[in-house]
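Here is how the chains run, residue by residue.
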Amino acid sequence: MEYRLNVNEEIFSVEVENSGKHGFRARIRDQEYDAEYVHVDDHQIHLKVDGRRVNAYVCGQDDGKIISIRGRCWFVSDADLAGQKGTRKKGLGPGLQEVTPPMPAVVIAVAVREGDVVEKGQGVVVVSAMKMETTLFAPYDGLVKKVNVCEGDKVMPGDILVDIEKTGPDSEIEAE
Amino acid sequence: MEYRLNVNEEIFSVEVENSGKHGFRARIRDQEYDAEYVHVDDHQIHLKVDGRRVNAYVCGQDDGKIISIRGRCWFVSDADLAGQKGTRKKGLGPGLQEVTPPMPAVVIAVAVREGDVVEKGQGVVVVSAMKMETTLFAPYDGLVKKVNVCEGDKVMPGDILVDIEKTGPDSEIEAE
Amino acid sequence: MFKKILIANRGEIAVRVINTCREMGIQTVAVYSDADKTALHVLVADEAVCLGDAEPTQSYLNMEKIIAAAKETGAEAIHPGYGFLSENSRFVGKCDQAGVVFIGPPAQVIRDLGDKITARRIMADSGVPITPGLTSAEADAAVMRTEAEKIGYPVLIKATAGGGGKGIRIVHSSAEMADACASAAREAKSAFGNGDIYLEKFFTNARHIEFQVLADQFGNTVHLLERECSVQRRHQKIIEETPSPIMTPALREKMGRAAVTAARAAGYVNAGTVEFLVDENNNFYFLEVNTRLQVEHPVTEMITGIDLVRMQLEIACGNKLPVSQKDIFGRGHAIECRIYAEDPENGFVPSPGKIAYLKEPSGPGIRNDCGVYSGVDVPMAYDPILSKLIVHARTRDLAIAKMVAALQRYVVVGVKTPVAFLMDVLASDAFAGGNVFTNFIDTHFSSWHPETGDADLALLAFIADEMAASRKTGQKISGEDAILTPWQTLGAWRPGL
Amino acid sequence: MFKKILIANRGEIAVRVINTCREMGIQTVAVYSDADKTALHVLVADEAVCLGDAEPTQSYLNMEKIIAAAKETGAEAIHPGYGFLSENSRFVGKCDQAGVVFIGPPAQVIRDLGDKITARRIMADSGVPITPGLTSAEADAAVMRTEAEKIGYPVLIKATAGGGGKGIRIVHSSAEMADACASAAREAKSAFGNGDIYLEKFFTNARHIEFQVLADQFGNTVHLLERECSVQRRHQKIIEETPSPIMTPALREKMGRAAVTAARAAGYVNAGTVEFLVDENNNFYFLEVNTRLQVEHPVTEMITGIDLVRMQLEIACGNKLPVSQKDIFGRGHAIECRIYAEDPENGFVPSPGKIAYLKEPSGPGIRNDCGVYSGVDVPMAYDPILSKLIVHARTRDLAIAKMVAALQRYVVVGVKTPVAFLMDVLASDAFAGGNVFTNFIDTHFSSWHPETGDADLALLAFIADEMAASRKTGQKISGEDAILTPWQTLGAWRPGL
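Residues numbered from 1 in each chain as written. Chains lettered and ligands numbered in written order. Predicted model: local features only at pLDDT ≥ 70, side-chain atom pairs only at ≥ 80, totals over all residues. Heavy atoms only, no water.

Asks: Is there a simple way to explain the packing of aromatic side chains in this structure?
Replies: What characterises a pair of aromatic rings is the spacing of the ring centres plus the angle enclosed by the ring planes. Using the criterion set out here, one finds 29 aromatic pairs over all chains in the structure. Between the aromatic rings of A:Phe24 and A:Tyr37, the centroid separation amounts to 6.4 Å while the plane-to-plane angle is 45°, which identifies the pairing as tilted. One end of the pair, A:Phe24, is in strand 3 (residues 23–28); the other, A:Tyr37, is in strand 4 (residues 31–41), and 13 residues separate them in sequence. Across this residue pair, the class does not change: A:Phe24 and A:Tyr37 are buried. For the ring pair D:Phe211 and D:Phe276, a centre distance of 6.3 Å and an interplane angle of 80° mean the geometry is edge-to-face. Residue D:Phe211 is located in strand 9 (residues 207–215), and its partner D:Phe276 is located in strand 12 (residues 270–278); the two are separated by 65 residues in the primary sequence. By relative accessible area, which is 0% here, D:Phe211 ends up buried. Clustering of aromatic rings is evident, with ring pairs tying together C:Phe348, C:Phe421, C:Phe431, C:Phe440, C:Phe445 and C:Trp448. Above the plane of the ring of A:Tyr140 lies A:Lys166, whose end atom (NZ or CZ) is 4.7 Å from the centre. (Phe/Tyr/Trp six-rings, centres within 6.5 Å; stacked < 30°, edge-to-face > 60°. Helix = DSSP H or I, 4+ residues; strand = E, 2+ residues; numbered from the N terminus. Buried < 20%, exposed > 50% of the residue type's maximum accessible area, 1.4 Å probe, protein only. Lys NZ or Arg CZ within 6 Å of the ring centre and 35° of its normal.)

Asks: What am I meant to see in helix 6 (residues 116–125) of chain D here?
Replies: Given 3.6 residues to a turn, an α-helix orients residues that are three or four positions apart in the same direction. Residues and elements named next belong to chain D. Where helix 6 is concerned, the buried positions are Lys116, Ile117, Ala119, Arg120, Ile122 and Met123. On the buried face of helix 6, the contacting elements are helix 5 (107–114), strand 6 (155–159), strand 8 (197–201), helix 9 (249–265) and strand 13 (284–290). One or two steps after helix 6, the chain reaches Gly127, where phi turns positive at roughly 90°. (Contact = heavy atoms within 4.5 Å.)

Asks: Looking at this model, I keep getting lost on the domain arrangement of chain C. Mind explaining?
Replies: Think of interface size as the accessible area that goes away when the parts come together; that is how it is often given. Residue and element names in this part refer to chain C. Splitting chain C by domain gives domain 1 (4–103), domain 2 (132–201) and domain 3 (207–444). Counting residues at the interface gives eight residues for domain 2, matched by seven residues for domain 3. Summed over both partners, the interface of domain 2 with domain 3 comes to about 620 Å²; 45% of that surface belongs to carbon and sulfur atoms. At the junction of domain 2 and domain 3, the tally comes to two salt bridges. Taken together, domain 2 and domain 3 are joined by one residue pair in polar contact (both at pLDDT 80 or more). (Domains from an automatic or database assignment. Buried area = accessible area lost by both parts, 1.4 Å probe. Salt bridge = Lys/Arg side-chain N within 4 Å of Asp/Glu carboxyl O. Polar contact = N/O pair within 3.5 Å; in protein donor to acceptor, adjacent residues only side chain to side chain.)

Asks: Would you take a moment to explain the domain arrangement of chain A for this structure?
Replies: Annotation of chain A at the domain level lists domain 1 (2–85) and domain 2 (105–166). On a C-alpha basis, the centres of domain 1 of chain A and domain 2 of chain A stand 40 Å from each other.

Asks: Teacher, can you tell me more about the sheet that holds strand 9 (residues 105–110) of chain B here?
Replies: Strand pairs in the sheet, formed through backbone hydrogen bonds, run parallel or antiparallel to each other. All names here are of chain B. Taking strand neighbours across the sheet as the criterion, the four strands line up as 12-11-9-14 in an open arrangement whose pairing is antiparallel. Here the strands that pair on one side only, and so sit at the sheet edges, are strand 12 (132–137) and strand 14 (154–155). Bridge count between strand 9 and strand 14: two bridges; the pairing is antiparallel. In the sheet register, Ala105 faces strand 14, and the bridge partner there is Val155. (Pairing = 2+ DSSP bridges.)

Asks: Even after reading the chapter, I still don't get the pattern of salt bridges, so can you show me in this structure?
Replies: What the rule picks out here adds up to 92 salt bridges over all chains. One salt bridge in this structure joins D:Arg186 and B:Glu133, with 3.5 Å as the shortest N-O distance. Of this pair, D:Arg186 sits in helix 8 (residues 177–192) while B:Glu133 sits in strand 12, on two different chains. One salt bridge in this structure joins C:Glu296 and C:Arg338, with 2.9 Å as the shortest N-O distance. A residue pair is termed long-range when its members are at least 10 positions apart, and C:Glu296 in the loop between strand 13 (284–290) and helix 10 (297–304) and C:Arg338 in strand 14 (residues 333–340) qualify at 42 residues. On the basis of relative accessibility, which here comes to 1%, the residue C:Glu296 falls in the buried class.

This is the structure in structure tokens:
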């Protein structure tokens, strides 16, 4: 059996072979693991890996599983399924090319109107969540085509708050 | 709607009327209650009864529910269903009329053999659980018809470890 | 003692206050907004009153509704927690008028000290050193610029009201002044309902050390030692400890005396905190008095063995302080880590959402003051604090080791938290050395990213979970067929109720 | 310090030892029987070795298998916990031979003190008063009868080995002697592998007060104050506290000195407990030394701030005691309640089975040393202890109130426990008065039955649960539609990992 798994945006091929009722052997990169597990409850998997024991806490999500081990979390998903759902996570973070909030938030102030000319880095919208204000900046020089929100609106990451038509030269490809 | 509920061997009639989405009115004996609830998770019901809040922890069993409130537990079952399953709880406690252990246990010693004559109160079997030994006594004067267990056997409440045929006069009806 | 009190707050602090009330036999009334119908503080109270819309001004900041809830439920007193109305003298006045005891200082004291300008004047008059800066509120950025030139950049723009890191901006140059003032004022206005700001000197290498004080209505005023609160992000504390790594008996004596002097000068009653900046030469400057229970009060409780909420209640109902200065001494070392719903990889932006799964660490010397549970929603309308993890051990090194071990067992899934970040900070040489200034995070952890060492284990766990799911037929059994025989599962026999 | 140790025990004590090891950076190896494959101590260890059959002699009492497990995993030392092999000098000898450090006293000390007869002689020789009774083991019931006539009934038949209330019988008259001796001997044989018994005077109105001692390999011996352990059922402690309600500084000084003398006389090394009987006139008699960590050690940890397991490890690896007598003082009051799987309504008979649901109380000053979790099976092969609930507060009254409040929030469903019983004991006037003798339970709570006051609430909860179940369509949502809008549940957006 082979899994192609995406862990925090990196794809791993894992060869897996069952061994015993609650055991399997796995090869990740050039590392071999001998694993057994106990399904303690819906959220806890007790693993024995090459004799060492560790508890993993697992939470299923729409598009993968969040796994917490020793205080650290990973998002693991099936790389072959990922594309189908059109999820677009990290990599190109939100807010880099678009005016979208980094967190669920409320719009506190809108500093531009349709037709305004904006410069890259100019503050266009201020949002607030959990009492922290965040200013969203224009990602490039441009012209405000449309303002999609008003003060008081609740917004989510991915929501485009202001459409800006690029007028500056390049910046299509930009380092993160 | 009317419930007939058995709480720790006492039967209560409860008249229930829905009120709102998560609310109901109930009459228990001559007491009226106005209740709302939140189903916090599979084991926790948060109750608001006449404005007072209390958390109840609920665990379904084959024949009813164990309910824990403020450190105390109740076994509540539907009285109309109880008979059908032939459950026989408390009331006539185990061990009063039969040689049966009060807890899951292991047989440590058998002090009688088939054909022995025993006196009421004579020790016939010793069982042990969690390192506590318990001696089971003959419930009446009688003749040992059959010994059903050997040393080392694992036994449960309800298992009759020794069959004793009554030879003494009465003791059929005996106060608990 | 009161028979029933209302807690005008939410989250971990409301739960913590209810805890002490339960032990004292005091009935509790929670209040909640529409966003908090199933919040933990509502589930653990004896009664609860809905205040309305999630928007704070409609609920937790709505004085009339809260006082009406107290009257309606027969609560004799109101505990304000921290934040919200805890330092609002108008609210105290309204409580007084309504005949409800406010568990905190008198209105006048809150008014004086809550206005940081007045506080600075009181302290200067009583001989407590204050930081250089303005002694009056200022709306004009130009005046701010002038003062900043005088005392030298960087300077701090600060709201005269409130606390908790809200309404604060560091300004490094004249160019930043106007935006910073506007933004700080707006944030202050939104958080405290008062947009006044002023300016003071910003110390780059400074420590934030505060003293807990308690004062009863009979003039007995004591301090309960210091707390070191220098580890901050976004000007808000995330790690606090006591004792301070730099504290000496002599300095403690001196600062403790200053704290008691400050409290007396202000006519202080109830629990409060006198905050100081301490520079690299151990000179200390009065910053402000927080006229409420502090978020980080548990570390003081751990080393002094004194329940501060109980003291607040005793004082508020007119009892004498049951402890005097000579009874108060610290034992061991305590550290608190704040577990916020936020993303330490991404500028600590808030991370509201549903807590899909929560597992709290426990064990000797570990305390977790928690306001959430598995399955609850963390609303975006309020402060992102989920819980506070506190440890207590014989020495600082042992406390650090205990905290790291506890954090490793803290499972929060569904919202982002700084658990892994805190593990790395606590385990760092920089923190171990105790050289902790308010710029500690920026200096040592500005570009923090989580270790990826255990990624292979995460992959294996994913696979095991997939296998377990595909094996699961019918209902879930703990450990599945790892359990040996029907005998051991005790079959249909109902073993206990 | 050791890099890796093996814990030759199970349940809460194994978990508790692992806790300290984790903080010290020591790797842990658990051992387990077939009945404990998914027991908590196995889940929290770094490694675990299966010993075999549930039967103790095949697993937790099997010296060869345990030592082999230590060698195989590279564990440098073995912590025995309490019970099982903790006071077995042959096991210590085998560890010595195998080159594995036994975390406890030397074999000879355990042999001397484990034989209660030898212990009584050592104490008498060093001037520590002992209870009247035999000074040699005795198998003949007739000889027992003769001695009993001499010192007067009631008398106590006691196993010379072991502890924990096993192999003990009170005998009130000559007629009961033969059965009591046989039964005590058999129980002792099964529990400790040694059926020797002896006889001593039974004090009807006596208190059981013990002193914790620590001794390093360099002759430094200190005591860590007393524990009052008078509340017992079936001669096994269920509530312990410190300080003792009857203790005075003078008596503490005297008994503490006797405890240290006793430890020194025996050549004691590591942690141990010197048990005394205290009669109504505050005369005290040496009972025995428990040469191991005591079940009730946490109350001492709470008031002294000292981690006893850490001390055991420091001593065992050859370090000097990091504390001296003058550093050791108590602060506040601590109480422990033992949560057994047993039925207090029915003679405290054991109640093994599956723990269907467990919710542990938590909060400031509350510690729960727990060895089980929701879904685990409690096997009938071992001691019925599930957990120990410990509280710490400023005074005894406050500690009692805290304990009652904590017990009220302790949810154990699936096996019977004494939680409700303990609530009633703690809340009783008799307990509050501190007049606590070893016959306390028989005197005040022999026919205890749970209150039925909240039965109506249980009925309402049943009905609400039925309604919730019938409403449940599809998956479970916390608080169901109490949650307001899709906005607040944050829909499909994945807010954090």
